[in-house]
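One letter stands for each residue in the lines below.
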Amino acid sequence: MSGVLILLPPSETKAGGGKGAPLDLAALTFPSLTPTRQRLLDALVTLSQDDGAARAALGLSEGQTDELERNRALRTAATRPAIEQYTGVLYDALDVRGLTRAQRAKADARLAVGSALFGVVGAVDAIPAYRLSSGSKLPGLGTLAAQWKPDLADALADADRGLVVDLRSGGYAALGKVPDAVTATVVTEKSDGSRSVVSHFNKHHKGLLARALVISRAEPGDAKAVVKVAEKAGLRAELSSPTEVTIVTAG
């Protein structure tokens, strides 16, 4: 595949349900990750049979039993395309359901989502709802970063792409780093000109940037070109370094 690859962070919330056939690990994008995916899937399903142990390992409350039920059903549950399975602020701003058919085709080709369970999945990869975060530890396996190194970084390096725009959060980027990827920082600028990194609107503006990159006819080859795409979409963007774009919002 050629062209820009946009890596999105996952979300804790999932749509669930779906009309797709049960999970087929061998059919997912980045097939070199299948052994690690299988190992983590087996461990997560086994862990989720024990409510107490699973809640402790996954950081869940007693009221989140439905999350454990999803994990227990990972092998048999219905699936959705990954880009529709993840929900929340970033995905609301991305709004793939509001894209034209041609734009959706670009989204399917350009977008991928980081995942603690799957490493990374393509936009059209059919996955079920699950609960596993980058900071979780599965019994007997240690940290997820240790499980994914170096396989995930190698898979992303071998993706046969041009520019990679990595919008993953720190914990997910650490699972498999992409050297020379363009990253984005969202800051708020106050009336006195001072700036601070924002958290509340961070996901929203990264979703807007991802949407701009999806619908653009351009194939940006560097961070400067990403800035141009963002500005054309109405975002205030600056080139902070050869590999970093800053999105500026008003405070």
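- By the naming in an unreviewed UniProt entry, the chain is Peroxide stress protein YaaA, taken from Tsukamurella pulmonis.

Considering the overall build of the chain
Here comes step 1: Assigned secondary structure in the chain consists of 11 helices and 12 strands.
Here comes step 2: Since a compact globule built from 251 residues should have a radius of gyration of about 18 Å, the 18 Å found for the chain is in line with a globular shape.
Here comes step 3: Principal axes of the C-alpha set define a box for the chain whose edges measure 50 × 40 × 35 Å.
Here comes step 4: Across the 251 residues in the chain, those meeting the buried criterion constitute 48%.
Here comes step 5: Nonlocal contacts in the chain, meaning residues at least 24 apart in sequence, comprise 68% of its contacts between residues at least 6 apart.
Here comes step 6: Where the 30 positive side-chain charges of the chain centre and where its 27 negative ones centre are 4 Å apart.

Some points on the pattern of salt bridges
Here comes step 1: As enumerated under the stated definition, the model contains 13 salt bridges in all.
Here comes step 2: Between arginine 75 and aspartate 42 there is a salt bridge, and its shortest N-O distance comes to 2.8 Å. With a gap of 33 residues between them, arginine 75 in the loop between α3 (65-72) and β2 (80-81) and aspartate 42 in helix α1 (residues 34-47) connect regions that are remote in the sequence.
Here comes step 3: For aspartate 42, a relative accessible area of 30% corresponds to the partly exposed category.
Here comes step 4: Taking the shortest distance from any N to any O, the salt bridge between glutamate 189 and arginine 236 comes out at 2.9 Å. Taken together, the positions of glutamate 189 in strand β9 (residues 182-189) and arginine 236 in the loop between α11 (223-232) and β11 (237-241) put the pair 47 residues apart, joining distant regions of the chain.

Some words on the side chain of threonine 79
Here comes step 1: With respect to the helices, strands and loops of the structure, threonine 79 is situated in the loop between α3 and β2.
Here comes step 2: Within the structure, threonine 79 has its side chain in polar contact with the backbone oxygen of alanine 21 (distance 2.7 Å).

Observations regarding helix α10 (residues 202-215)
Here comes step 1: Between its first and last C-alpha atoms α10 spans 20 Å; for 14 residues at 1.5 Å apiece the expected length is 20 Å, and the two agree.
Here comes step 2: Those residues of α10 lying buried are His205, Lys206, Gly207, Leu209, Ala210, Arg211, Ala212, Leu213 and Val214.

Description of the packing of aromatic side chains
Here comes step 1: Inspection of the entire model under this criterion finds three aromatic pairs.
Here comes step 2: For the pair tyrosine 86 and tyrosine 130, a centre-to-centre distance of 6.4 Å together with 90° between the ring planes defines the contact as edge-to-face. Here the residue tyrosine 86 occupies a position in the loop between α4 (82-85) and α5 (89-94), and tyrosine 130 occupies one in the loop between β5 (126-127) and β6 (137-138), the gap between them amounting to 44 residues. You'll find tyrosine 86 and tyrosine 130 in the same group, each marked buried.
Here comes step 3: Residue classification places tyrosine 130 among the buried positions, given a relative accessible area of 1%.
Here comes step 4: The rings of Tyr86, Tyr91, Phe118 and Tyr130 are connected pair by pair, giving a single aromatic cluster.
Here comes step 5: Between lysine 14 and the ring centre of tyrosine 130, over which it is positioned, the NZ or CZ distance is 4.5 Å.

Observations regarding the environment of arginine 131
Here comes step 1: Structurally, arginine 131 is set in the loop between β5 and β6.
Here comes step 2: When its relative accessible area of 10% is taken as the criterion, arginine 131 is described as buried.
Here comes step 3: Between the alpha carbons of arginine 131 and proline 81 there is a distance of 17 Å; along the sequence they are 50 residues apart.
Here comes step 4: If sequence neighbours within four positions are ignored, arginine 131 has contacts with Glu12, Leu44, Leu58, Leu60, Gln64, Glu67 and Asn71.

Each value, and the rule that gives it
Residues numbered from 1 in each chain as written. Predicted model: local features only at pLDDT ≥ 70, side-chain atom pairs only at ≥ 80, totals over all residues. Heavy atoms only, no water. Helix = DSSP H or I, 4+ residues; strand = E, 2+ residues; numbered from the N terminus. Rg over C-alpha atoms; globule rule 2.2 N^0.38 Å. Buried < 20%, exposed > 50% of the residue type's maximum accessible area, 1.4 Å probe, protein only. Contact = heavy atoms within 4.5 Å. Lys, Arg positive; Asp, Glu negative; His and termini not counted. Charge placed at Lys NZ, Arg CZ, Asp CG, Glu CD. Salt bridge = Lys/Arg side-chain N within 4 Å of Asp/Glu carboxyl O. Polar contact = N/O pair within 3.5 Å; in protein donor to acceptor, adjacent residues only side chain to side chain. Expected span 1.5 Å × (residues − 1). Phe/Tyr/Trp six-rings, centres within 6.5 Å; stacked < 30°, edge-to-face > 60°. Lys NZ or Arg CZ within 6 Å of the ring centre and 35° of its normal.

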